[in-house]
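Working through the structure, step by step
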Amino acid sequence: MKPAVVTVTGAAGQIGYAILPRIAHGDVFGPDRPVILKLLEIEPALKALEGVRMELEDCAPPLLQKIVCTADVDEGMGDADAVFLVGARPRGPGMERGDLLRANGPIFTGQGAAIARGAKKDVCVVVVGNPANTNCLIAYSSAKGLDPSRFTAMTRLDHDRALAQLARKAGVPVRAVANAFIWGNHSPTMVPDTEHGTIGCRPIAEVIGDAGWLHGDFVKTVQQRGKAIIDARGVSSAASAANAAISHMRSWVTGTAPGELQSMAVPSDGSYGVPAGLVSSFPVTCPGDGTYRIVQGLERSGWVVDKVAATVAELEDERKAVADLLK
Ligand code: NAX
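As the structure is a prediction and not an experimental result, all values here were calculated from the model.

A short note on the environment of G288
Relative to the helices and strands, G288 is located in the loop between β13 (279-285) and β14 (293-294). The exposure class assigned to G288 is partly exposed, which follows from its relative accessible area of 31%. Placed 189 residues apart in sequence, G288 and D99 show a C-alpha to C-alpha distance of 38 Å. For G288, the contacting residues outside a window of four places in its chain are W252, V253, T254 and G255.

Here it is, written out as structure tokens:
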């Protein structure tokens, strides 16, 4: 079988450390497909990356054919089937979201252009580095000649956080919860939607029986979970973020189960009134051929519609703030 060429940027960072052994062990492309890993970092991190490479070798993953460590973006993106855009500058003290956008934007123009130059035409790209939605918008706008739908951003961690909170509240295993999902931006304005999901085949609202919690503490916990983890651990989520990025890519590449919805932030086609081109989280299904479909026709309450309007307005503001980077 032809090896899958998988590029991970920011490979010497915390998410890189957690994600690489799992990709090498076949968690994205399955237990039969060999993997070539391309690890892209900035020059100052290449020494640390060498340590990551040694550890990967020491895992002795039977599927791993080759590891390439590089700070050259064209070498990193060349021939890629899947790209995890994880590397980004972290938010420093006193930095606003807008400052972070300006600081990270140029990384994604360069990487988007390099993906267009060298990756496979049907490459699957997931942006993890924050602000993930608008970084994804910048990346696809720079990827001339590639279909924007090859670019997505990660809201799967928010999705999984929602499922876990619902399972905990209902006192059931997480596998009993299905089809809660996320609208909008990966930011505290995101909207966890429980109106179409089920717990053990019954509507979520009926099982939980506490509308106040579903519209209040539940939403707040999911929106603020990243901050809660930083407060507890002193650093941001890494294992759960790596797990979500793998799940995102695996759903996209190998498909969702019949009746299963997942959350992916994708370039809007105007669905649900989200302005075309904004990278917003939607409920999606994936047929398993490397494409996805935004689930259509969901009836939404006024509460959801209003909250989605606010998160979409934030995405529009972000698009305006980086207008000069959208060529
Ligand atoms: P780290 O700071 O541990 O690692 C980032 C790595 O990126 C560093 O090794 C750095 O050298 C590298 N890097 C910086 N610029 C680069 C460039 N131009 N090319 C290649 N590599 C570059 O951060 P980590 O905890 O791994 O988080 C990475 C990103 O994920 C951050 O932007 C973070 O905010 C974001 N997250 C996104 C999440 C999501 O749900 N979308 C959740 C987890 C995480 O917070």
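There is more to say, and it comes next.
Description of the nonpolar core
Counting residues in each nonpolar core, the largest one holds 56 residues, and the members touching the most others are V6, I23, L37 and F84. For this core, the domains that each give at least three residues are domain 1 (4-153) and domain 2 (156-321). In contact with V6, not counting residues within four places along its chain, are I23, F29, V35, I36, L37, K38, A82 and F84. Core analysis: the next-biggest nonpolar cluster, separate from the first, contains 28 residues, A80, V83, L137 and V322 among them.

Details of the site of the ligand
Around the ligand, a shell composed of 23 residues is seen, among which Q14, I15, E41, V128 and N130 lie nearest. Contact between the ligand and Q14: an oxygen atom at 2.9 Å from a main-chain N or O atom of the residue. At 3.2 Å, a side-chain N or O of H186 approaches an oxygen atom of the ligand. For the shell around the ligand, the secondary-structure elements that each account for two or more residues are α1 (14-24) and α4 (97-118). Here the shell around the ligand is composed, by residue class, of 12 nonpolar, 10 polar and one charged. Shared between two domains, the shell around the ligand holds at least three residues of each, these being domain 1 (4-153) and domain 2 (156-321).

Let's talk about the pattern of salt bridges
Using the criterion set out here, one finds 12 salt bridges in the structure. Two residues, D79 and K120, come together in a salt bridge whose shortest N-O distance is 4.0 Å. With D79 in the loop between α3 (73-77) and β4 (82-85) and K120 in the loop between α4 and β5 (124-127), the pair connects residues that are 41 residues apart, well separated along the chain. The partner of D158 in a salt bridge is R161, and the shortest N-O contact between them spans 3.7 Å. A residue pair is termed a helical-turn pair when its members lie 3 or 4 positions apart in one helix, as D158 and R161 do in helix α6 (residues 156-170) at three residues. Given a relative accessible area of 10%, R161 falls into the buried group. Connected via shared salt-bridge partners are E50, R53 and E57.

Calculation rules
- Residues numbered from 1 in each chain as written.
- Predicted model: local features only at pLDDT ≥ 70, side-chain atom pairs only at ≥ 80, totals over all residues.
- Heavy atoms only, no water.
- Helix = DSSP H or I, 4+ residues; strand = E, 2+ residues; numbered from the N terminus.
- Buried < 20%, exposed > 50% of the residue type's maximum accessible area, 1.4 Å probe, protein only.
- Contact = heavy atoms within 4.5 Å.
- Core = buried A, V, L, I, M, F, W, Y, C linked by side-chain atoms within 4.5 Å.
- Domains from an automatic or database assignment.
- Near = heavy atom within 4 Å.
- Polar contact = N/O pair within 3.5 Å; in protein donor to acceptor, adjacent residues only side chain to side chain.
- Nonpolar A, V, L, I, M, F, W, Y, C, P; charged D, E, K, R; others polar.
- Salt bridge = Lys/Arg side-chain N within 4 Å of Asp/Glu carboxyl O.

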